[in-house]
Each structure stands twice: as structure tokens, then as C-alpha cells.
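For reference, the chains in residue letters:
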Amino acid sequence: MTFIPQIAFLLLMGVFVWLISKRVGRIRSNINLGREASLKKDPQRWINVLLIALGQKKMFKNWIPALLHLFIYVGFILINVEVLEIILDGILGTHRLFAPVFGGFYSILISFFEVLVVLVMASCVAFLWRRNVSKVQRFSRPEMKGWPTVDANLILIIELVLMVAILSMNAADLVLQSQGVEHYASTGSFLVSSGLRPIFSGLDSGTLVLVERLAWWLHITGIFAFALYVTYSKHLHIFMAFPNTYFGRLTPKGQMEDMDEVTNEVKLMLGLPVEGETAPPPEGFRFGAKDVTDLSWKNIMDAYACTECGRCSAECPANLTGKKLSPRKIMMDTRDRAEEIGQLRAAGKESEVTAKSLLEDYILKEEINACTSCNACVEACPVTINPLDIILQMRRYVAMEESASPASWNAMFQNVETNFAPWKFSAQDRFAWAEELKNS
């Protein structure tokens, strides 16, 4: 009978590990829907991971939310040391396994974690206030209606519940230690939960053990459930920020990537040498992107790394002037479409994949045409997501495959082709206006 809690814990952990690994496999498969992307190795990539993903360098353009986010982030990482102890206790059937190892330092360590718990709780309350009471504008845009808002609030509430469970568990544990109950060896007082002892001091030992165990199981079950839920939530960025930052673009933000197929064709037309062999495009090849399968795997990874924070849309000049374009929506739509294709393929409904496409069914031409290509969204993103790259690829498809660019754009394209400038006058007349200055 003494092994029943251990068996129950192992079964619980096994179920969640299986579910999480299955979901991670699906996400990986969805990211691989995209075409290959050539990314060169560079030491700068690791520097970006340290400064941007780990150090949250780009978050500190706005100090208040940056500090709140930092508290949650640091708390999430360090509190997991205590979670490791809980997991080992569950597997081995022990209690406070690390207490004898760390000795007197153990109470200091747990006290430090509890301070982080309080900071995490304060930050969660502040974020709930910002989203639901003060209503920060970027959290109230059309694409945030419905599930995205529920998701953001739900994760904050879950974090609050998990933090309350930790403090309740520790406070009940301290009272049981003072009563000399078996298995609850003295560990010294904890900074925060010691102040909560009066709440539990009037309970008998049996009830206290029940409270402590319920809090223990609630916390560890909540951690497992949280880890699974995150894979379905925008909070997947907790993990995706690191690989996404590593594989981020190292070229200047204003530099647009050429399509090799187009570059080679132009060189052949002009009689210029072409590097390497020019193989014919593969079957189903498109100029630009109509669906997520035409994007690169890095574009889809961007979509899964999106925090839905809205900083990109808040900086977008097109969005600020009332246009339909929202870079955040571009990323959310890309992720939703990748999820849809992944589900259809997993269900053996391959024929239904082509019934929809990212362009038109999710993202309208009006949205991508509103983009000024200013890179404000790319600069604003705290995890180096590039919505502009997806927009440009869809605009290429519209222009090169459908010939459906706006009439004014087509006129400009023709002028560039014939006059080497956007304006409708010949190259030799380009500086005619300067003659008037000479004669004045």
C-alpha cells in the first residue's frame, strides 16, 4: 500500500509525458510543412539567444511590462528547481529530498523561491489588470477577440493557482513540522509561508496532512497540465523563443531576399553568368506563397513563437492609420492554417487541404497590400519574428502568379522595367529638372 502514491504519480507523469511528446511531434510536423530555408551558422546566433531570448533585451523598451515579464520569467525558471524536488519525491516516495543535501541553506533557498512566487503573483495580477481593467489598446484589437483573450487570462489564472498551491503546501508543511508529525522533518522556517502558518495552525494533524498533500498534488498536476496546455497556447513562446531567436535573420532588416529562380532568369536574359547549375523548379513550385506550404519552415516557426503581445501591430503605420493590416494577425493566421493542415493530414483528409489557402481564406489581399515594408513590426518583436517576410512572399504570389497587383502598382512595375525608375519618363530625361536650376 505504501507504493500506491508512487505508482499513481508515475502513471500521472507517464500520461502527461506521452501527451506532451505527441503534441510536440505534431508541432514539429507542422513546422516542417514549410520548404527548406538555408541558414548559415554564425556565432552571432548564440549571442542573440543570450541577449534577446534569455536576456529579453528587446522587452526593455517599455520598462514596466518588461520588469513584470522578467519576474514571471525568472520565477518560472528558478521555481522549477523546487518542482524537480517534488518530482523526485513523487518517484522515490520521499519528502523534501533536498533538505538533508542542502542542510541549513535549504530554508534560504526555499525562502528565495517564495519571494519569486510573490513577485510572480503580483505580476500576474498586474497583467490581468492591464488586460481587463485598464484595457491596454494593443490587447483589444479585433484579432484578439474570443479565444486569444481567454487564453491570455487563463494562463495567468493558472499561474496564480499554482503559486497559491506552493505557499499553501509550504505553510501546512511548517505547521506539521512544528507538531512533530512523522515524515515532516524540520527544515527551518520559510520567509513567506511562515507568515501563513496562523491560517493552518488550528487544524489537527490529519487535516493538515490532507491539506499539504492536496496542495502537493494540485501543484504537480497543475505543472504537468500547464506544460501540456502551453503547447496549444500562445505561451508556447516560453520555449520557442530560443530556437526562433537562434534561427533569426542576421542580414540588415531593410534587405529583402531575392528569389534565386527569378534572379537566375534575369541573368540568363541579360547574358550574365549564373552560379551553379540551374535545375528546373520542382513540381508544384510557385513564385511567392499562396499557402503555408509555400513558406519556409522558419516562417512557420515564427508563427508558433508569436507571443500575441501586439507590439508589432502597435508600431505598424498601416494599422495605426486604420488599415486592415495587423502583423500580429498575419502570424496568428499562419499558425492557425498550419494547425488546420496538420489536423487534416493526420486525419487522412489530404484532399481537403487544398479547399482553403492562407491567402484569401485567412489573409486578405487588402491586408498585405497595405504594408509599407518599413520593418517596424520586425524591429518591435521581442523574439525576432518577421511578419514582413510572409507578407512579401504573398505579394510576390499575387504579382507573379495571379498578375493581380493593384493597377497603380502594375504601372510602377512597367515604368521600372522600361525606364528603370518608378516614374513615367525616359531615363535620359531623368535629370531634366536640374537644367532649370542651372539656368535660374
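Structure report, in brief.

So, how was this worked out
- Residues numbered from 1 in each chain as written.
- Predicted model: local features only at pLDDT ≥ 70, side-chain atom pairs only at ≥ 80, totals over all residues.
- Heavy atoms only, no water.
- Disulfide = S-S within 2.5 Å.
- Buried < 20%, exposed > 50% of the residue type's maximum accessible area, 1.4 Å probe, protein only.
- Axes fitted to C-alpha atoms, helices over the stretch in contact; angles between N-to-C directions.
- Helix = DSSP H or I, 4+ residues; strand = E, 2+ residues; numbered from the N terminus.
- Left-handed = near helix turned anticlockwise from the far one by under 90°.
- Contact = heavy atoms within 4.5 Å.
- Nonpolar A, V, L, I, M, F, W, Y, C, P; charged D, E, K, R; others polar.
- Salt bridge = Lys/Arg side-chain N within 4 Å of Asp/Glu carboxyl O.
- Core = buried A, V, L, I, M, F, W, Y, C linked by side-chain atoms within 4.5 Å.
- Phe/Tyr/Trp six-rings, centres within 6.5 Å; stacked < 30°, edge-to-face > 60°.
- Lys NZ or Arg CZ within 6 Å of the ring centre and 35° of its normal.

### Here we look at the state of the cysteines
1) Next: Applying the stated criterion across every chain yields a total of zero disulfides.
2) Next: Unpaired in this structure, Cys316 has its nearest cysteine sulfur neighbour in Cys374, at a distance of 6.3 Å.
3) Next: Overall, Cys316 belongs to the buried group, its relative accessible area being 8%.
4) Next: We note that Cys377 lacks a disulfide partner, and the nearest cysteine sulfur, in Cys371, lies 6.4 Å from it.

### Notes on the packing of helix H3 (residues 63-92) against helix H8 (residues 205-230)
1) Next: The N-to-C vectors of H3 and H8 enclose an angle of 115°; their axes lie 11 Å apart at closest approach. Of the two elements, H3 crosses H8, and the hand of that crossing is left-handed. Touching Phe76, Val83, Ile86, Ile87, Asp89 and Gly90 of H3 are Trp216, His219, Ile220, Ile223, Phe224 and Phe226, all from H8.
2) Next: The residue makeup of the contact of H3 with H8, split by class, is nine nonpolar, two polar and one charged.

### Some points on the pattern of salt bridges
1) Next: Summed over all chains, the structure comprises 17 salt bridges.
2) Next: In this structure, Lys356 and Glu340 form a salt bridge, with 3.5 Å as the shortest nitrogen-oxygen distance. On the criterion of sequence distance, the pair formed by Lys356 in the loop between helix H14 (327-346) and helix H15 (358-361) and Glu340 in helix H14 is long-range, its members being 16 residues apart.
3) Next: Accessibility expressed as a relative area gives 39% for Lys356, which makes it partly exposed.
4) Next: For Glu340, a relative accessible area of 19% puts it in the buried group.
5) Next: Of the charged contacts, one joins Glu350 and Arg345 as a salt bridge, the two residues approaching to 3.3 Å between their closest N and O atoms.
6) Next: Using a relative accessible area of 43% as the deciding quantity, one classes Glu350 as partly exposed.
7) Next: Each of Asp291, Arg337, Glu340 and Lys356 takes part in one network of salt bridges that share partners.

### Things to note about the nonpolar core
1) Next: Membership of the largest hydrophobic core comes to 87 residues, with the highest contact counts inside it found for Ile31, Tyr304 and Leu325.
2) Next: Ranked by residues supplied to this core, first place goes to helix H5 (residues 105-132) with 10 residues.
3) Next: Membership of the second largest hydrophobic core comes to eight residues, among which are Ala171, Ala172, Leu176 and Leu208.

### Here we look at unusual backbone geometry
1) Next: Within the chain, Ser373 stands out as a residue other than glycine whose phi angle is a positive 60°.
2) Next: Take Ser373: it is sitting in the loop between helix H16 (365-369) and helix H17 (376-380).
3) Next: You can call Ser373 buried: its relative accessible area is 18%.

### Brief notes about the packing of aromatic side chains
1) Next: Per the stated rule, a full pass over the model turns up 13 aromatic pairs.
2) Next: Judged by centre distance (5.1 Å) and plane angle (70°), the ring pair of Phe60 and Trp63 falls under edge-to-face.
3) Next: An aromatic cluster is defined as three or more aromatic residues linked by ring pairs; in this entry it consists of Phe9, Phe16, Trp216, Trp217 and Phe224.
4) Next: If you follow Arg23 out to its NZ or CZ, it ends over the ring of Tyr232, 4.2 Å from the centre.
5) Next: Over the ring of Phe139 we find Arg131, and its NZ or CZ is 4.0 Å from the ring centre.

Honestly, that's just the spatial picture; any functional story needs more than this.
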